[in-house]
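Reading the structure
Residue-level listing of the chains:
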Amino acid sequence: MSGSNLSTLTASGDAHAIGRALGEASAAALRDIVPTIGRFQALMREWRGTERLRALEAAARSVWPQYVREIEGLAHGAGVAFETVFLWNCRGDLPESGCGAPRGNAAGCTTVAVPPREGRPALVAHNEDDAPELHGHCRIVDVRPDDGPGFVSFYSPGLLPGHAFAVNRAGLVQAVNDLRPEDCAIGGAIGVPRHLVCRAVLDCEGLDAALACIRDPDRASGFHHTLARAGDRRLLSVEAPASGCEVVEVDAPCAHANHLLHERFAPVPQTIAASSRSRQTRADALIAGGALDHGDPLCVLGDVGGCLPIRRREKDCGDAGFTLATAVFRVAEGGVDYEVFDEIMHPPVHRGELRVEPGPVRGRSEADPRPIQGLLDRHL
């Protein structure tokens, strides 16, 4: 797939080596493309060199230093200052650029979740939306660390893997949606940036360990996570802003765009972009009308109805967002099959199978970093 959108990259070794490989692969985009994005420019203008950014870095180093090490390697590989790359990974944790601030509709995303039924596997499907400038500069990365399970993930230039969609070699699937609540702490303790939380989930072997990462109260802000694991019939929808975490076991087909839906968070002020509201309303209507009855989530994620459609591929339509990739994960008892699309009317640009043998699931910790056993990983 060399030269095509969503080309594949393999990165291995320790945290710094993995980050360096990602940085080398995206060096041109980090130098020439990312700096043209308005959101990046706002971050640099408002937050470079600030005490709050240094506090976020200190919090990250105290909780997950290995992921800061990945960012250091990424910056080294790209030939870009560490502060610049770290700031880009804090893009949802800083008030004027994220929580509670007016911003464009670019950072969107829509996730569809279908629980297992009638012998069919659970489905997790996701449109990854972001700035249109990034189209053609993102990759699918196969990360094989010295310890931990390793994973296959969407990678956007300069951002830690995990914030979009991924599956690890324990059979754990994660899809992530942006949220815009106004609950970032302005004063007091500063938490861990949310992109590091998503990256930490990819080192977990099971759903409970993943939830422990997401539920950690020391988060600077948060995302919506859809989680599933081969061999575990639970399909979880997790809303996790800075002010709390609500876990719902999905028992019927559903969709999630980019705003808080759970009644617990009704008192939390949030920015609901017009695109998010439109995509949520449209997806709910399609699902209620039976669009998922035949088990094809692309019937929802590929929909272009309405003025602000679910699939966002028009660069000049008044919608700042753009669908960079679409992924479909089929999560069964014995493993996960997945496909990644650039154009959903064309064959997938990447597909794979992960087979997981039955056995107990441990929560991974730094004190017990043994790799997963009993896994056959075959990429097609």
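All residue numbers here refer to positions counted from 1 along the written sequence of the relevant chain. Local features in this predicted model are restricted to residues of pLDDT 70 or higher, and side-chain atom pairs are both shown and tallied only at a pLDDT of 80 or more, whereas totals for entire chains, interfaces and linings draw on every residue. Water and hydrogen atoms play no part in the side-chain values, which are based on all heavy atoms of the structure.

Considerations on the packing of helix 5 (residues 65–78) against helix 7 (residues 194–201)
To define axes, lines are fitted to C-alpha atoms, for helices over the stretch in contact only, and angles between the resulting N-to-C directions are given on a 0 to 180 degree scale. Runs of H or I in DSSP of at least four residues are treated as helices and runs of E of at least two as strands, each being numbered from the N terminus. The interhelical angle for the contact between helix 5 and helix 7, taken along N-to-C directions, is 105°, at an axis separation of 10 Å. Between helix 5 and helix 7, the angle falls in the class roughly perpendicular. Along its contact with helix 5, which presents Tyr-67, Val-68, Glu-70 and Ile-71, the element helix 7 presents Leu-196, Arg-199 and Ala-200. Here roughly perpendicular refers to angles of 65 to 115 degrees, roughly parallel to angles under 35, roughly antiparallel to angles over 145, and oblique to all remaining angles. The contact definition used throughout considers only heavy atoms, calling two residues in contact when any of these lie within 4.5 Å.

Considering the nonpolar core
To define a nonpolar core, start from buried Ala, Val, Leu, Ile, Met, Phe, Trp, Tyr and Cys residues and group those joined through side-chain atoms within 4.5 Å. Relative accessibility under 20% of the residue-type maximum defines a buried residue, over 50% an exposed one, and the middle range a partly exposed one, all with a 1.4 Å probe and only protein chains included. One finds Phe-154, Phe-165, Leu-196, Leu-227 and Phe-329 to be the most contacted residues of the largest nonpolar core, which totals 86 residues. Counting 17 residues, the second-largest nonpolar core is a separate cluster that includes Val-114, Ala-283, Leu-298 and Ile-344.

Focus: the confidence of the model for the protein
Here pLDDT means the predictor's own confidence in every residue, given as a number from 0 to 100. Averaged over the protein, the pLDDT score is 88; the fraction of residues at 70 or greater is 87%. The low-confidence segment residues 100–105 (pLDDT under 50) makes 22 contacts with residues lying over four places distant or belonging to another chain. This model gives residues 362–380 a pLDDT under 50, and the stretch forms 45 contacts once residues within four places in sequence are excluded.

Brief notes about the sheet that holds strand 4 (residues 139–145)
Two strands make a pair as long as DSSP finds a minimum of two bridges between them. The strand order across the open sheet formed by 8 strands is 1-4-5-6-7-8-9-10, and the pairing between neighbours is mixed. Every other strand in the sheet has two partners, leaving strand 1 (7–13) and strand 10 (246–249) as the edge strands with one partner each. On average, each strand axis in the sheet is tilted by 20° relative to the strand beside it, whichever way the strands run. Direction of pairing for strand 4 relative to strand 5 (residues 151–155): antiparallel, over a ladder of 5 bridges. Bridging from a neighbouring strand, Arg-139 pairs with Tyr-155 of strand 5. Along the sheet face, helix 1 (residues 15–25) touches strand 1, strand 4 and strand 5 and points at about 155° away from the line of strand 1.

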